[in-house]
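Chain and residue survey
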Amino acid sequence: MAWRAGRASGLPPWNGSRPHIRLSRSTSAVTDTALADRTTCRGPPMSRTSSPSIETLHHTGPVVLVGHSLGGHTAMLLAAQRPDLVDRLVVVEATPERDAEAPERVRRWLSSWPIPFRSRSSAVDFFDTLGYFRSALAAKTWAAGLDERRDGLWSRFDIDVMVEALREVAANDYWDQWRAIRCPTLVVRGEHGSVSSEQADQMLERLSGTDLIEIADAGHDVHLDQPNRWCNAMTSFLRNTPGSTTSFNR
């Protein structure tokens, strides 16, 4: 199983999911730490992030590929371009639709952080009161991903590089690539996330055999806001043939 994180993640955000998702098949966990490394964020998403995964997957064989946010974009592009390497695809809070406002929206949000934070607890308090996250776990996870330096806690990425990385998804849509995907695919959206129900329905309409799971009381970081429901969603998809829309409310 290969996991692709969103670009703003300071720590591998899937670690809490892995022990709870049990499969009969053997799995291989591949996490793209370079996604959050400001020294490696250069070039368009596919040229920057997919080559290492392709090289790794040549040795592991076809995998279940899971991608969140910008990681979801690169996951769907990899599945479209290299169907021989992807057995199943899970796209979390990402859509092939062009998002022209993404770069400046992310810049405003990241610029609002009071960097450097004085302590880990002050960072947790800040993230907890933003209204962006819907669980204490999410706030603690983002605080844990901050880089400790002499004068306080800093983000592990450069805002300008982060924003530049979003220019491609702001300028282009990827519906042609989405329609080219041939493996069973799951779309996951949070009830209060960044992918609308209309966008998710459009993804199902344009790619037959796609399953949709909407997780109640979850925002963009569905795996942190509702980890149990997220794990149930993943387990259900991996155990069953996709094709129906399911809402996990318990």
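Further up the page is the structure itself.
Turning to the overall build of the chain, a few remarks are in order. Scanning the chain for helices and strands turns up 11 helices and nine strands. Sequence separation of 24 or more characterises 73% of the internal contacts of the chain that already satisfy a separation of 6 or more. By element, 46% of the accessible surface of the chain is carried by carbon and sulfur atoms, the whole surface being about 11,600 Å².

Right, let's talk about the pairing of strand β7 (residues 185-190) for a bit. Most of β7 is tucked away, with six of its six residues classed as buried. Residues Thr 185, Val 187 and Arg 189 point to one face of β7 and Leu 186, Val 188 and Gly 190 to the other, with burial holding for every one of them. Sheet topology places strand β4 (residues 86-92) next to β7; four bridges connect them, and they run parallel. Following the sheet pairing, Leu 89 is matched in β7 by Thr 185. As defined by bridge partners, β7 adjoins strand β8 (residues 210-215) across six bridges and the pair is classed as parallel.

Let's shift gears to the packing of aromatic side chains. Geometrically, a pair of aromatic rings is defined through the distance of the ring centres and the angle of the planes. Counted by the stated rule, this structure contains 12 aromatic pairs. Centroid distance Phe 127 to Phe 133: 5.9 Å. Interplanar angle 85°. Geometry classified as edge-to-face. Relative accessible area serves as the criterion here: at 0%, Phe 127 is assigned to the buried category. Overall, the relative accessible area of 8% leaves Phe 133 in the buried class. Among the aromatic residues, those joined into a cluster by ring pairs are Trp 109, Trp 113, Phe 117, Phe 126, Phe 127, Phe 133, Trp 142 and Phe 157. The ring of Phe 237 is capped by Arg 88, whose NZ or CZ atom sits 5.5 Å from the centre of that ring. Residue placement shows Arg 206 over the ring face of Trp 175; its charged tip is 4.3 Å from the ring centre.

What counts, and where the lines are drawn
Residues numbered from 1 in each chain as written. Predicted model: local features only at pLDDT ≥ 70, side-chain atom pairs only at ≥ 80, totals over all residues. Heavy atoms only, no water. Helix = DSSP H or I, 4+ residues; strand = E, 2+ residues; numbered from the N terminus. Contact = heavy atoms within 4.5 Å. Areas by Shrake-Rupley, 256 points an atom, 1.4 Å probe, with all protein chains shown as cover. Buried < 20%, exposed > 50% of the residue type's maximum accessible area, 1.4 Å probe, protein only. Pairing = 2+ DSSP bridges. Phe/Tyr/Trp six-rings, centres within 6.5 Å; stacked < 30°, edge-to-face > 60°. Lys NZ or Arg CZ within 6 Å of the ring centre and 35° of its normal.

Keep in mind these numbers describe shape, not what the thing actually does.
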